[in-house]
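# What the coordinates show
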Amino acid sequence: VQLQASGGGLVQVGGSLRLSCSAPGTITSVFRANGMGWYRQAPGKERELVATITGSHSATYGDSVKGRFTISRDNSRKTVSLQMNSLKPDDTAVYYCNAKRGMNEVWGQGTQVTVSS
């Protein structure tokens, strides 16, 4: 699995952004078998979980984004998205797409999200 992330940018407090991650070279059945997720890392901080979603669309969220962010996936298109609403300055970070299957884990390149106050 190789992952390509996009959609980051600069947004004002309270605004919205949508991140996308695709796995264009992956067989659909392999993509479906992977748990997908978004993580983020702010300067000087450890990487933290934002949200994950299973192949059957069961989602979990980090406490700091519950109720504001929504993760989704389209297995036929081999994409996973993160809709981010009501953005706060603390959401500023590099966001990373992740694919996990058993002991195997793949990270996409990060995409910068900056929330200005």
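This text follows the structure it describes.
Here we summarise the structure given alongside this text. Here the structure is a predicted model, which means the values were calculated and not measured. (Residues numbered from 1 in each chain as written. Predicted model: local features only at pLDDT ≥ 70, side-chain atom pairs only at ≥ 80, totals over all residues. Heavy atoms only, no water.)

### Structural notes on the pairing of strand β11 (residues 111-116)
The test is simple: Buried means the residue's accessible area, taken with a 1.4 Å probe over protein chains only, is under 20% of the maximum for its type, while exposed means over 50%, and partly exposed covers the values in between. Think of it this way: any DSSP run of H or I at least four residues long counts as a helix, any run of E at least two long counts as a strand, and we number them from the N terminus. By the convention used here, strands pair only if DSSP detects at least 2 bridges between them.
Side chains of β11 alternate between two faces, with T111, V113 and V115 buried and Q112, T114 and S116 left unburied. The sheet contact formed by strand β2 (residues 9-12) and β11 spans four bridges and is parallel. Bridging from a neighbouring strand, V11 pairs with V115 of β11. One ladder, built from three bridges, connects strand β9 (residues 93-101) with β11; its direction is antiparallel. Considered in β11, the bridge of Y95 is made with T111.

### A look at the side chain of T26
For the record, the criterion: Contact between two residues is taken to exist if any of their heavy atoms lie within 4.5 Å; hydrogens are not considered.
Position of T26 relative to the elements: it lies in the loop between β3 (17-22) and α1 (28-33). On the basis of relative accessible area, T26 is assigned to the buried category, the value being 6%. Not counting residues within four places of it along the chain, the set of residues in contact with T26 comprises V1, Q2, F31 and K78.

### What to know about the nonpolar core
Selection criterion: Throughout this description, the term nonpolar core refers to a set of buried Ala, Val, Leu, Ile, Met, Phe, Trp, Tyr and Cys residues connected via side-chain atoms within 4.5 Å.
Within the largest apolar cluster, 27 residues are counted, with the highest numbers of intra-cluster contacts made by W38, L82, M84 and Y95. Secondary-structure elements contributing two or more residues to this core are β3, β4 (35-41), β5 (48-53), β7 (69-74), β8 (79-84), β9 and β11. The contact partners of Y95, leaving out residues within four places of it in the chain, are L19, W38, Y39, R40, V50, F69, L82, M84, Q109, G110, T111 and V113.

### Observations concerning the sheet that holds β3
Backbone hydrogen bonds are what pair the strands of a sheet, in a parallel or an antiparallel way. To keep it simple, the criterion reads: Axis lines are fitted to C-alpha atoms, over the contacting stretch for helices. Their N-to-C directions set the angle, which ranges from 0 to 180 degrees.
On the basis of which strands lie adjacent, the open sheet formed by four strands has the order β1-β3-β8-β7 and antiparallel pairing. Strands at the two margins of the open sheet, each flanked by one partner only, are β1 (4-6) and β7. On average, adjacent strands in this sheet sit at an angle of 15 degrees to one another, irrespective of strand direction. Across three bridges, β1 lies against β3 in antiparallel orientation. In the sheet register, S6 faces β3, and the bridge partner there is S20.

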